[in-house]
Amino acid sequence: MAPKEKRLPGDPGKGGGPATKSPVPEAIDDAERARIAMIFERLREADPAPVTELLYETPFTLLVAVVLSAQATDVSVNKATPGLFAKASTPAAMATLDEAEVRDAIKTIGLYNAKAKNVLALSRRLVDHHGGEVPRDRAALEALPGVGKKTAAVVLNALWGEPTIAVDTHVFRVSNRLPIARGTTPDAVEAGLNRLVPDEYKRHAHHWLILHGRYTCTARRPNCPACLVRDLCRWPDKTWPDDAEPAPRVDAG
Ligand code: SF4
């Protein structure tokens, strides 16, 4: 869903190091529970029903758009998909295209060779095994070519409102910085978020954290002065001179 990013001191993983030395605690106290709930309450107040920024019209076109968005920006995917979907917007139609045609339509997106193969293969599988429909089943989704755990979670959440919290680069960074759930791998952060995010916020947690990371808590220059959860954030590097000009909004990622 987003390209590789530069990490800052205090960000987890290679080049950064863990946000704190402590692992995600098994249990949190009432104050911590209240802090996490307040973070989501403020994100909800600001944007009650966030949606994906990928352009799509049907379950199939969303699935393809999410597959294409791996290690690419939503902006780049949205530039390419109208042309692709004008050629074919159903699994049956897509399956009839030549690989070169698909490749040509998406050649501005990273990893387009492999993605063209996957789009064709998953379209054929949808026709052969699912009656041309996108299955509402995590295992069936993950069995589709080019569809991993994260893509399946995004599709289940965006199409059917299932309370999945897919962890992309933005969710990973924001969750570690605030922190909500800390971890050095997406799986660890996802497990922590599933445990620590109150149920009432799980439906939209994925999009709230993505959008916060994309537009405010950006990788290189987080806009802390404009952050609506700044007082709840414990990232040691969050402090920004109060009289500093807010950083400009970053519109891609
Ligand atoms: S205060 Fe800064 S580092 Fe903390 S969540 Fe907000 S933008 Fe990110």
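Predicted, not measured: the structure shown is a model, and the values here were computed from it. (Residues numbered from 1 in each chain as written. Predicted model: local features only at pLDDT ≥ 70, side-chain atom pairs only at ≥ 80, totals over all residues.)

## Some details on the overall build of the protein
So, step 1. Summing up its helical and strand segments, the protein has eleven helices and zero strands in all.
So, step 2. Out of the 253 residues in the protein, the part that is buried amounts to 40%. (Helix = DSSP H or I, 4+ residues; strand = E, 2+ residues; numbered from the N terminus. Buried ≥ 20, exposed ≤ 12 C-beta atoms within 10 Å, placed from the backbone.)

## Quick word on the site of the ligand
So, step 1. Among the 13 residues in the neighbourhood of the ligand, the closest are listed as Cys 217, Pro 222, Cys 224, Cys 227 and Cys 233.
So, step 2. For the shell around the ligand, the per-class residue count stands at eight nonpolar, two polar and three charged. (Near = placed C-beta within 6 Å. Nonpolar A, V, L, I, M, F, W, Y, C, P; charged D, E, K, R; others polar.)

## Here's the deal with the confidence of the model for the protein
So, step 1. Counting all residues, the mean pLDDT for the protein is 89, and 84% of those residues have values of 70 or more.
So, step 2. The low-confidence segment residues 14-23, where pLDDT is below 50, has 18 contacts with residues more than four positions distant or belonging to other chains. (pLDDT = per-residue confidence, 0-100. Contact = placed C-beta atoms within 7 Å.)

## Examining helix H3 (residues 74-87)
So, step 1. Over its 14 residues, H3 runs 20 Å from end to end, which matches the ideal 20 Å to within 8%, given 1.5 Å per residue.
So, step 2. For H3, every residue scored as buried is listed here: Asp 74, Val 77, Thr 81, Leu 84 and Phe 85.
So, step 3. Contacts made by the buried residues of H3 are with helix H2 (59-68) and helix H5 (99-105). (Expected span 1.5 Å × (residues − 1).)

## Some words on unusual backbone geometry
So, step 1. In this model, Leu 178 is joined to Pro 179 through a cis peptide bond whose omega is -20°.
So, step 2. The topology assignment puts Pro 179 in the loop between helix H9 (169-177) and helix H10 (186-196).
So, step 3. Even without a glycine there, the phi angle at Gln 71 is positive, about 55°.
So, step 4. Examined against the element boundaries, Gln 71 turns out to sit in the loop between H2 and H3.
So, step 5. A tally of 15 C-beta atoms within 10 Å means that Gln 71 is categorised as partly exposed.
So, step 6. At Leu 111, a residue that is not glycine, the phi angle is positive and equals roughly 60°.

## Quick look at the environment of Pro 225
So, step 1. If you trace the backbone, Pro 225 turns up in the segment after helix H11 (199-215).
So, step 2. Spatially, the C-alpha atoms of Pro 225 and Lys 238 are 9.2 Å apart, while their sequence positions differ by 13 residues.

## Some details on the packing of H9 against H11
So, step 1. Interaxial distance between H9 and H11 falls to 8 Å at its minimum, and their mutual angle equals 85°. Between H9 and H11, the angle falls in the class roughly perpendicular. Contacts between H9 and H11 involve His 170, Val 171, Arg 173, Val 174 and Ser 175 on the former and, on the latter, His 206, Leu 209, Ile 210, His 212, Gly 213 and Arg 214.
So, step 2. Of the residues that constitute the contact of H9 with H11, the class distribution is four nonpolar, five polar and two charged. (Axes fitted to C-alpha atoms, helices over the stretch in contact; angles between N-to-C directions. Parallel < 35°, antiparallel > 145°, perpendicular 65-115°, else oblique.)

## A closer look at helix H1 (residues 30-46)
So, step 1. Taking 1.5 Å of rise per residue, 17 residues should cover 24 Å, and H1 covers 24 Å from first to last C-alpha, within 8% of that figure.
So, step 2. Three or more residues of H1 are buried, namely Ile 36, Ile 39, Phe 40 and Leu 43. For H1, the angular spread of the buried residues around the axis is 85°, confining them to a single face. Exposed side chains of H1 directed beyond 90 degrees from the buried face belong to Asp 30, Ala 31 and Glu 45.
So, step 3. Its buried side turned inward, H1 meets H10 and H11. (Arc of directions from axis to C-beta.)

## Looking at the environment of Glu 41
So, step 1. As for its placement among the helices and strands, Glu 41 is situated in helix H1.
So, step 2. Classification of Glu 41 by C-beta neighbours within 10 Å gives partly exposed; the count is 15.
So, step 3. Considered as a pair, Glu 41 and Val 229 are 188 residues apart in the sequence and their alpha carbons are 9.9 Å apart.

## With respect to the packing of H9 against H10
So, step 1. At a closest axis distance of 10 Å, the pairing of H9 and H10 adopts a crossing angle of 60°. Taken as axis vectors, H9 and H10 run oblique relative to one another. Between H9 and H10 lies a crossing of left-handed hand. Where H9 approaches H10, its residues Phe 172, Ser 175 and Asn 176 are matched on the opposing element by Pro 186, Val 189 and Leu 193.
So, step 2. Tallied by class, residues from the contact of H9 with H10 come to four nonpolar, two polar and no charged. (Left-handed = near helix turned anticlockwise from the far one by under 90°.)

## Notes on the environment of Tyr 112
So, step 1. Following the sequence through the fold, Tyr 112 ends up in helix H6 (residues 112-129).
So, step 2. For Tyr 112, a count of 19 C-beta atoms within 10 Å corresponds to the partly exposed category.
So, step 3. For the pair formed by Tyr 112 and Val 102, sequence separation is ten residues and the distance between their alpha carbons is 8.9 Å.

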